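Overview (structure and organization)
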Amino acid sequence: MIADVKKSAEQKMQKSLEALQVDFGKVRSGRPHAGLLDHIMVDYYGTPTPIKQLANVTLADARTIGIIPWDKKMLAVIEKAVRDSDLGLNPMTVGEMVRVPMPPLTEERRRDLTKIVKAEAETARIAMRNARRDANNQLKELLKDKLIAEDEDRRGQEEIQKLTNHYIAEVDKLLQTKESELMAV
């Protein structure tokens with residue numbers, strides 16, 4: 001029973017870590033990458049659809065993302081979706097391709113992005129602490145129902161705390177890596 005509680009807590013913490021990695025991928029660094037546009041939804045004949053399902057997204061050059069839609073009628077819609085997104089990009093249509101130039105980051109914008117990244121990391125830490133709290137509550141319920149002994153409860157809480165410390169350290173490593181990536185010129 002204790003192993004089930006620990007496994008459940010570990011799965012929740014792992015999902016929080018994976019969600020943080022996805023969120024960090026959305027925060028742009030100085031280099032463009034095709035995954036930057038993954039979360040943008042385009043109105044495809046009344047259905048919200050991710051850009052990568054409508055077009056080929058590639059790096060046109062070191063500072064430009066190229067989007068080549070399979071349905072040429074979607075050029076204007078994709079351009080509008082990228083422009084209206086929260087990324088602050090200004091795409092333009094060139095022939096049968098939408099070009100998305102990536103402006104260089106200013107020092108002030110880098111600091112703002114660092115603050116955003118820190119807030120996302122703190123949200124992940126909170127999610128992990130919540131998973132720890134839920135697991136500890138489950139252990140207390142098992143103890144109250146006399147399904148486990150006090151020693152097992154204490155041992156289980158210690159294992160869950162070690163697990164929590166491990167995953168929070170992983171969050172801190174990811175945060176440090178992303179901050180150094182953002183502040184690199």
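Here's a quick rundown of the structure. Treat the numbers as computed from the prediction; the structure is a model and nothing was measured. (Residues numbered from 1 in each chain as written. Predicted model: local features only at pLDDT ≥ 70, side-chain atom pairs only at ≥ 80, totals over all residues. Heavy atoms only, no water.)

**A short note on unusual backbone geometry**
Even without a glycine there, the phi angle at tyrosine 45 is positive, about 50 degrees. Here tyrosine 45 is to be found in the loop between strand S1 (41-44) and strand S2 (47-50). When its relative accessible area of 55% is taken as the criterion, tyrosine 45 is described as exposed. Positive phi values are uncommon outside glycine, yet lysine 146 reaches one of about 60 degrees. Structurally, lysine 146 is set in the loop between helix H3 (107-144) and helix H4 (150-183). (Helix = DSSP H or I, 4+ residues; strand = E, 2+ residues; numbered from the N terminus. Buried < 20%, exposed > 50% of the residue type's maximum accessible area, 1.4 Å probe, protein only.)

**Here we look at the pattern of salt bridges**
The final tally for this structure, using the stated rule, is 15 salt bridges. Between lysine 173 and glutamate 170 there is a salt bridge; the shortest N-O distance is 3.2 Å. Here lysine 173 pairs with glutamate 170, and both are found in helix H4, just 3 residues apart, close to one helical turn. Judged by its relative accessible area of 24%, glutamate 170 is partly exposed. Overlapping salt bridges bring together Glu122, Arg125, Arg129 and Asp172 as one network. (Salt bridge = Lys/Arg side-chain N within 4 Å of Asp/Glu carboxyl O.)

**Some thoughts on the sheet that holds strand S6 (residues 97-101)**
Strand order in the open sheet made by the 4 strands is S3-S4-S6-S5, with antiparallel pairing throughout. Two strands bound the open sheet, and with one partner strand each, they are strand S3 (55-61) and strand S5 (92-94). The sheet shows a mean angle of 30 degrees between the axes of neighbouring strands, direction not considered. Bridge count for S3 against strand S4 (residues 64-69) is 6 bridges, and the pairing is antiparallel. Residue pairing in the sheet places alanine 55 in a bridge with proline 69 of S4. Strands in contact with helix H2 (residues 75-84) are S3, S4, S5 and S6; relative to S6, the strand with the most contacts, it is inclined by about 15 degrees. (Pairing = 2+ DSSP bridges. Axes fitted to C-alpha atoms, helices over the stretch in contact; angles between N-to-C directions. Contact = heavy atoms within 4.5 Å.)

**Overview of the packing of aromatic side chains**
The geometry of an aromatic ring pair is captured by two quantities: the separation of the ring centres and the angle between the planes. The full count for this structure, using the stated rule, is 1 aromatic pair. Summarising the aromatic geometry, the rings of tyrosine 44 and tyrosine 45 are spaced 4.9 Å apart at their centres and angled 65 degrees between planes, so their arrangement reads as edge-to-face. The exposure class assigned to tyrosine 44 is partly exposed, which follows from its relative accessible area of 30%. (Phe/Tyr/Trp six-rings, centres within 6.5 Å; stacked < 30°, edge-to-face > 60°.)

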